[in-house]
Amino acid sequence: MKMELYDRPTCCSRSVDPALFQVMEDLRLIAKYGIEVYRYSLARTPEAFTANMDVLKEMGTTMERLPITVVDGRIVAVGRYLSRDELAQALDIQLDG
């Protein structure tokens, strides 16, 4: 199973969204369950965005639709980070952590 997170650019922001710390922890946790986890930043890996037509279409002409979460090629969330419970449901796994 594969999960991809297409994220907003954070390189130039002076304040860090506290939700990002939880997202990073959740991504590490699901990777321990054998899920392939990929996180793409528009600032650092724009080629990942251009390679996924569904993500480009969903974004349109604005970054306001980011983040976009994709599980096995299917968009499961747009414009927000999934909670740990939502991630488990989208990935059909039972998380212990």
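Attention here is on the structure that accompanies the text. (Residues numbered from 1 in each chain as written. Predicted model: local features only at pLDDT ≥ 70, side-chain atom pairs only at ≥ 80, totals over all residues. Heavy atoms only, no water.)

Turning to the pairing of strand β1 (residues 2-7), a few remarks are in order. For β1, the buried fraction is high: 5 of the 6 residues fall into the buried class. Across 6 bridges, β1 lies against strand β2 (residues 36-41) in parallel orientation. Each bridged residue has a counterpart across the sheet, and for Y6 the counterpart in β2 is Y40. Two strands pair when backbone bridges link them, and β1 and strand β3 (residues 68-71) are joined in this way by 4 bridges, in the antiparallel orientation. Looking across to β3, one finds that Y6 is bridged to I68. (Buried < 20%, exposed > 50% of the residue type's maximum accessible area, 1.4 Å probe, protein only. Helix = DSSP H or I, 4+ residues; strand = E, 2+ residues; numbered from the N terminus. Pairing = 2+ DSSP bridges.)

Here we take up the environment of G73. Turning to its location among the elements, G73 is positioned in the loop between β3 and β4 (74-78). Along the chain, G73 and E4 lie 69 residues apart, while their C-alpha atoms are 8.4 Å from each other.

Further remarks concern empty space enclosed by the protein. Evaluated as defined, the whole model comprises 1 cavity of 30 Å³ or more. Estimated volume of the largest cavity: approximately 60 Å³. For the largest cavity, the full set of lining residues is M3, L5, V23, D26, L27, T69, Y81, L82 and L87. By residue number, the principal contributor to the lining of the largest cavity is helix α1 (residues 19-31), which donates 3 residues. Its residues placed into classes, the lining of the largest cavity shows 7 nonpolar, 1 polar and 1 charged. (1 Å grid on protein atoms, 1.4 Å probe; cavity = no way out; pocket = protein on both sides within 12 Å on 5 of 7 lines; lining within 4 Å. Points joined across faces, edges and corners; volume = space filled by probe spheres on them. Nonpolar A, V, L, I, M, F, W, Y, C, P; charged D, E, K, R; others polar.)

Turning our attention to the pattern of salt bridges. The final tally for this structure, using the stated rule, is 6 salt bridges. For E25, the salt bridge goes to R84, with nearest N and O atoms at 3.1 Å. Of the two residues, E25 is situated in helix α1 and R84 in helix α4 (residues 84-91); the sequence distance between them amounts to 59 residues. Ionic contacts of the salt-bridge type, sharing partners, join the residues E25, D26 and R84 into one network. (Salt bridge = Lys/Arg side-chain N within 4 Å of Asp/Glu carboxyl O.)

In this structure, D7 sits in strand β1. A distance of 2.6 Å separates a polar atom in the side chain of D7 from a polar atom in the side chain of Y81. In contact with D7, other than residues within four places in its own chain, are L20, R39, Y40, S41, L42, F49, L66, P67 and Y81. (Polar contact = N/O pair within 3.5 Å; in protein donor to acceptor, adjacent residues only side chain to side chain. Contact = heavy atoms within 4.5 Å.)

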